[in-house]
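Here is what each chain is made of, one letter per residue.
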Amino acid sequence: MNTFNSRRSKYLKFFALLGIIVTVSAWGTSFISTKVLMERGGFTPVQMYTYRFSAAYLLLLLYTCRKSLLSKNWRDELTFLLCGVCSGSLYFITENFALKHTTTGNVSLLASISPIFTTILMGVFYRMRIGSGVILGSVTAFIGVGFIVFSGGEGMEIHPAGDLLALSAALSWGIYTIAVKRLLPIYNSFFITRKLFFYGSLTSLPLLFAAGAPYHLDTLVNLSHPEFLLNFLFLVLMCSVMAYLLWNESIKILGAVTANNFLYGQPLVTMVAAAIILNEPFTLLGGIGCALIVGGLVISDKYPELRIKRMA
């Protein structure tokens, strides 16, 4: 029986790791599709978020329409609201507005701090001591992100307003990861993801209306163009529905800290995808960054005895 459970645990961990890699790959590539839709398709940052996640919510609603729309109690419902805001409207919109007030390099680097915030919050709320293996791996991967971000020649500059917005985005994702941890044993991933998309889309509507004329027909008509439609469907189906489902399932198996450390791989995926799709140059600093990120993730994953130990 112990041998069976051990094998089952290894298989579950393998598929969870595979799910995380697919998710991070989708999210890393999503920047390119978003850029195409915003620069060529005419979508604003708020429109891009609202339309994408509203479409994803409707798809999940159709799939689960016969099931309950409400959670078991108001405490859980409020937690879903918090998760929807922190993983959706607050995270994406603060990140988009940060780009207006600081450099892309600053936003990329500061937004990638979310695994560090997750580690700190896990220690505070769940009284967990984070082992040296995770700390070393996290720091190594973060340095790797820095190499990739600045490989394009863009240095770090101080822009308080934009930098604080980018840090707020990173913190909001960390809060979501901690908050959703309580819901994962109670609800299935389809229900959780649907609720996240609902509250994320709902709380973005005031900003959409505040921007004026939210239903730009010319923008929506652009989705009839194959290039824009394919990019939008990729964002909805792969980067939203599939990625969030896999992410929430993987957190159940790997834990919040380990899962979030894989977010350091997003800049790596973005750099490789940009080199292949957009013919952007692959630099020496970028290569060093790739090696550091992979090395950091290996360090975090290969030393389970150093990972997390509960405090007495």
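Shown above is the structure to which this text applies.
The following paragraphs examine the structure supplied in this document. (Residues numbered from 1 in each chain as written. Predicted model: local features only at pLDDT ≥ 70, side-chain atom pairs only at ≥ 80, totals over all residues. Heavy atoms only, no water.)

1. Re the overall build of the protein
Move 1: Helix and strand counts for the protein stand at 14 helices and two strands.
Move 2: Of the contacts formed within the protein by residues at least 6 apart in sequence, a portion of 90% connects residues at least 24 apart.
Move 3: Looking at the protein as shown, the accessible area adds up to about 15300 Å², and 70% of this sits on carbon and sulfur atoms. (Helix = DSSP H or I, 4+ residues; strand = E, 2+ residues; numbered from the N terminus. Contact = heavy atoms within 4.5 Å. Areas by Shrake-Rupley, 256 points an atom, 1.4 Å probe, with all protein chains shown as cover.)

2. Comments concerning the nonpolar core
Move 1: Counting 60 residues, the largest nonpolar core has Trp27, Trp173, Tyr176, Ile192, Phe197, Tyr244 and Trp247 as the members making the most contacts within it.
Move 2: With residues up to four places along the chain from it excluded, the contact list for Trp247 reads Ile20, Thr23, Trp27, Trp173, Tyr176, Ala259, Asn260 and Leu263.
Move 3: Formed by six residues, the second largest nonpolar core is a distinct cluster that contains Met122, Val134, Ile178 and Ala256. (Core = buried A, V, L, I, M, F, W, Y, C linked by side-chain atoms within 4.5 Å. Buried < 20%, exposed > 50% of the residue type's maximum accessible area, 1.4 Å probe, protein only.)

3. Some points on the pattern of salt bridges
Move 1: Scanning all chains against the criterion turns up four salt bridges.
Move 2: One salt bridge in this structure joins Arg182 and Asp76, with 2.9 Å as the shortest N-O distance. On the criterion of sequence distance, the pair formed by Arg182 in helix α7 (residues 160-183) and Asp76 in helix α3 (residues 74-101) is long-range, its members being 106 residues apart. (Salt bridge = Lys/Arg side-chain N within 4 Å of Asp/Glu carboxyl O.)

4. What to know about the packing of helix α2 (residues 45-63) against helix α10 (residues 226-254)
Move 1: Across the interface, α2 lies against α10 with an axial gap of 9 Å and an inter-helix angle of 60°. As summarised for this structure, α2 and α10 are arranged oblique, according to the angle between their axes. α10 is crossed by α2, and the crossing has right-handed handedness. Note on element contacts: α10 touches α2 through Phe232, Leu235, Val236, Leu237, Cys239, Ser240, Val241 and Tyr244, opposite Met48, Tyr51, Arg52, Phe53, Ala55, Ala56, Leu59 and Leu60.
Move 2: Of the residues assigned to the contact of α2 with α10, the class counts are 14 nonpolar, one polar and one charged. (Axes fitted to C-alpha atoms, helices over the stretch in contact; angles between N-to-C directions. Parallel < 35°, antiparallel > 145°, perpendicular 65-115°, else oblique. Left-handed = near helix turned anticlockwise from the far one by under 90°. Nonpolar A, V, L, I, M, F, W, Y, C, P; charged D, E, K, R; others polar.)

5. Things to note about the packing of α7 against α10
Move 1: Close contact between α7 and α10 brings their axes to 11 Å; oriented N to C, the two are set at 60°. Our classification of the angle between α7 and α10 gives oblique. Crossing of α7 over α10 shows right-handed handedness. Where α7 approaches α10, its residues Trp173, Tyr176, Thr177 and Val180 are matched on the opposing element by Tyr244, Trp247, Asn248 and Ile251.
Move 2: Per-class residue counts for the contact of α7 with α10 are six nonpolar, two polar and no charged.

6. Section: the environment of Gly200
Move 1: Residue placement: Gly200 occurs in helix α8 (residues 189-210).
Move 2: Sequence separation between Gly200 and Leu81 is 119 residues; the distance between their C-alpha atoms is 7.9 Å.
Move 3: Not counting residues within four places of it along the chain, the set of residues in contact with Gly200 comprises Tyr49, Gly84 and Ser89.

7. Things to note about the environment of Ser201
Move 1: Mapped onto the fold, Ser201 is located in helix α8.
Move 2: Residue Ser201 is classed as buried on the basis of its relative accessible area, which comes to 7%.
Move 3: Placed 151 residues apart in sequence, Ser201 and Thr50 show a C-alpha to C-alpha distance of 5.5 Å.

8. Brief notes about the packing of aromatic side chains
Move 1: Within this structure, the stated rule accounts for 22 aromatic pairs.
Move 2: Ring centres of Phe14 and Phe15 lie 5.4 Å apart, and the angle between their planes is 70°; this geometry places the pair in the edge-to-face category.
Move 3: Judged by relative accessible area, Phe14 falls into the partly exposed class, the value being 47%.
Move 4: Given the relative accessible area of 53%, Phe15 is considered exposed.
Move 5: It is Lys72 that lies over the ring of Tyr187; its NZ or CZ is 5.7 Å from the centre. (Phe/Tyr/Trp six-rings, centres within 6.5 Å; stacked < 30°, edge-to-face > 60°. Lys NZ or Arg CZ within 6 Å of the ring centre and 35° of its normal.)

9. Things to note about a nonpolar patch on the surface
Move 1: Taken together, the side chains of Leu59, Leu62, Leu229, Leu233, Leu237 and Met238 make up a nonpolar region of the molecular surface, amounting to roughly 510 Å² of accessible area.
Move 2: Among the secondary structure elements, those contributing two or more residues to the nonpolar patch are α2 and α10.
Move 3: Within the fold, Leu59 resides in helix α2.
Move 4: Residue Leu59 is classed as partly exposed on the basis of its relative accessible area of 39%. (Patch = residues over 30% accessible without salt bridge, like charges linked within 9 Å, V, L, I, M, F, W, Y side chains within 5 Å.)

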